[in-house]
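Now for the letters of each chain:
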Amino acid sequence: MAAASGGREGGSMAALARLQARLSGLREEYFRRNRAVDEDRKIEYKAAVKIQSWFRGCRVRAYLRYLNKMVIFIQKWWRGYRSRRYFGKLVETAYFIMKMNFYNEMAVRIQKRWRGYYVRKYIHNYYALKKYLEAISVNNEIVRSELQDYKEMKENEEKRKDLEKKEKEEKYQARKMHYLLSTEQIAGIYNSPFRKSPDPMELLLRKSKPLSHRQQQRKSPFDYELYDWPTCKRPPTFSTAQPLPPTGRQKPQGPFRDTTEVLRQRYKPLEPTLRVAASISPPLEKAREEMKREEWRNRIHDNEFLPFSSYHKNQKYDPSIHRSGKYGQETYGIKHFREVQPKKWVADKDFQTVLPPIVLFEKFGKTYSRAGQIV
């Protein structure tokens, strides 16, 4: 037992000695193997990456081809669906348009027939129009006959008036030429002895009476006064009658015009041209000026001032705040226009003015207004 145990211990010691002897080489071997393993691992990693990239590329390309096919299929399907739907709508629209055109044409035919029938029966009835035209022709004949009668009546009336006028003129001439009447001693010019019968004018002279001499009315000399002409209150009236000149007065010799014509030209009303009559200012400015004048004419307050009455004398005077204060009224602006402090004067005399004074300021306190107050 002891020998066996001793042999075992000797063998373990030998193995340990051998391991210690191989320890230095074992480190190098470990390093070399680890290095080889690392190099192999890098090669395997690169090979695995390459295999994975190739596999993934194949898978992605296959997936993209599948997606492309699916997109192409979807596009084809959608285009077909859209074309079928659009074409269907086009067909429906065309069918609807054709149907509406047919209905419209039929409606137009029906309306044409009905309107023709209605117009021929109620509006443009041939027989009614014929009766109307016959009535118009009869009425025209009646009106023409009445107008012809009226024309003949007017002509007869004018002829009668002309005859009466001629008779009046003949009677007037006969009365005017009554001195041509034949007498028992001397035959007149209208009663020639060579005639078998006297002239009709001779018979008319025998029937008529001579004209009587009328006294000419003398107008007042004040009728031609022109006192109111310069005022132009009314247009002057000129007498158109030509008065006879007095017997003892002679007409002045020379190319003189009539007095009424001269006065009419002298006192002729003004006839301005369009340029003079029209206003220079535009209408807008005229309206503004009118508004300003209207505002100026209107009263600013309602308290009327009655100068010739004692109404305002009984009212109590309301002083202003400036005058009713306890400090009184300042003299600035009333007695002087600058502050005056005599205590600070160096001398009693005023300063000598070098520049010429203003004339308007020199008149202050020396002139009087229309009311008699000092300005």
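Residues numbered from 1 in each chain as written. Predicted model: local features only at pLDDT ≥ 70, side-chain atom pairs only at ≥ 80, totals over all residues. Heavy atoms only, no water.

Visitor: Sorry, what's going on with the overall build of the protein here?
Guide: In terms of helices and strands, the protein carries nine helices and zero strands. Going from N to C terminus, the protein has its helices and strands arranged as α-α-α-α-α-α-α-α-α. When each of the 375 residues of the protein is scored for burial, the buried share is 4%. Contacts spanning at least 24 positions in sequence make up 40% of the contacts within the protein whose residues lie at least 6 apart. (Helix = DSSP H or I, 4+ residues; strand = E, 2+ residues; numbered from the N terminus. Buried < 20%, exposed > 50% of the residue type's maximum accessible area, 1.4 Å probe, protein only. Contact = heavy atoms within 4.5 Å.)

Visitor: What am I meant to see in the packing of helix H3 (residues 126–176) against helix H4 (residues 200–207) here?
Guide: Geometrically, a packed helix pair is captured by the angle between its two axes and the distance between the axes. Put simply, H3 and H4 touch, their axes get as near as 9 Å, and they point 70° apart. The pairing of H3 with H4 is recorded here as roughly perpendicular in orientation. Contacts from Glu170, Lys171, Gln173 and Ala174 in H3 reach Met201, Leu204 and Leu205 in H4. Looking at the contact of H3 with H4 residue by residue, the classes come out as four nonpolar, one polar and two charged. (Axes fitted to C-alpha atoms, helices over the stretch in contact; angles between N-to-C directions. Parallel < 35°, antiparallel > 145°, perpendicular 65-115°, else oblique. Nonpolar A, V, L, I, M, F, W, Y, C, P; charged D, E, K, R; others polar.)

Visitor: Is there a simple way to think about the packing of aromatic side chains in this case?
Guide: Each pair of aromatic rings is reported with the distance of its centres and the angle of its planes. Here the structure, examined in full by the defined rule, presents seven aromatic pairs. Taking 5.8 Å as the distance between ring centres and 35° as the angle between the ring planes, the aromatic pair formed by tryptophan 78 and tyrosine 81 counts as tilted. With tryptophan 78 and tyrosine 81 both in helix H2 (residues 23–123) and three residues apart, this pair spans about one turn of that helix. Tryptophan 78 gets classed as partly exposed once you look at its relative accessible area, which sits at 42%. Taken together, the ring pairs in this structure connect Trp114, Tyr117, Tyr118 and Tyr122 into an aromatic cluster. (Phe/Tyr/Trp six-rings, centres within 6.5 Å; stacked < 30°, edge-to-face > 60°.)

Visitor: I tried to follow the pattern of salt bridges on my own but got confused; where do I start?
Guide: Side chains that differ in sign of charge can pair as their charged atoms come close. Considering all chains together, one arrives at nine salt bridges under this definition. We note a salt bridge from arginine 33 to glutamate 29, for which the minimum N-O separation is 2.9 Å. With arginine 33 and glutamate 29 both in helix H2 and four residues apart, this pair spans about one turn of that helix. We note a salt bridge from arginine 41 to aspartate 38, for which the minimum N-O separation is 2.5 Å. Pair noted here: arginine 41 and aspartate 38 are both in helix H2, with a separation of three residues, about one helical turn. The exposure class assigned to arginine 41 is partly exposed, which follows from its relative accessible area of 47%. Here the salt bridges share partners, and the residues they tie into one network are Glu29, Arg32 and Arg33. (Salt bridge = Lys/Arg side-chain N within 4 Å of Asp/Glu carboxyl O.)

Visitor: Whenever I open this one, a nonpolar patch on the surface confuses me. Can you help?
Guide: Together, Val60, Tyr63, Leu64, Tyr66, Leu67, Met70, Phe73 and Ile74 give the surface a local cluster of nonpolar side chains, amounting to about 790 Å² of exposed area. Positionally, tyrosine 66 belongs in helix H2. (Patch = residues over 30% accessible without salt bridge, like charges linked within 9 Å, V, L, I, M, F, W, Y side chains within 5 Å. Areas by Shrake-Rupley, 256 points an atom, 1.4 Å probe, with all protein chains shown as cover.)

Visitor: Just to check I follow, could you spell out the UniProt feature "coiled-coil region" (unreviewed entry) in the protein for this structure?
Guide: Here the UniProt feature "coiled-coil region" (unreviewed entry) sits at residues 140–174. Within the segment residues 140–174, helix and strand shares are 100% and 0% respectively, and the terminal C-alpha atoms sit 50 Å apart. (UniProt positions renumbered as here; feature names shortened; annotations may be inferred.)

Visitor: I'm lost on a negative patch on the surface in this one. Help?
Guide: A contiguous patch of negative charge, built from Glu146, Asp149, Glu152, Glu155, Glu158 and Asp162, is present on the exposed surface. For glutamate 158, the position within the fold is in helix H3. (Lys, Arg positive; Asp, Glu negative; His and termini not counted. Charge placed at Lys NZ, Arg CZ, Asp CG, Glu CD.)

Visitor: What's the story with the side chain of serine 208 in this structure? I'm lost.
Guide: Tracing the sequence through the fold places serine 208 in the loop between H4 and helix H5 (259–266). Within polar-contact distance, the side chain of serine 208 engages the backbone oxygen of leucine 205 at 3.4 Å. Not counting residues up to four positions away in its chain, the partners in contact with serine 208 are Ala174, Arg175 and His178. (Polar contact = N/O pair within 3.5 Å; in protein donor to acceptor, adjacent residues only side chain to side chain.)

Visitor: Whenever I open this one, the confidence of the model for the protein confuses me. Can you help?
Guide: Reading fine detail from the predicted coordinates is not recommended where pLDDT is low. Mean pLDDT over the protein stands at 77; residues scoring 70 or higher make up 71%. Within the protein, the element-level pLDDT minimum falls on helix H8 (residues 321–324), averaging 63, and the maximum on H3, averaging 91. In the predicted structure, residues 221–233 sits below a pLDDT of 50 and forms 11 contacts with residues beyond four places in sequence or in another chain. (pLDDT = per-residue confidence, 0-100.)

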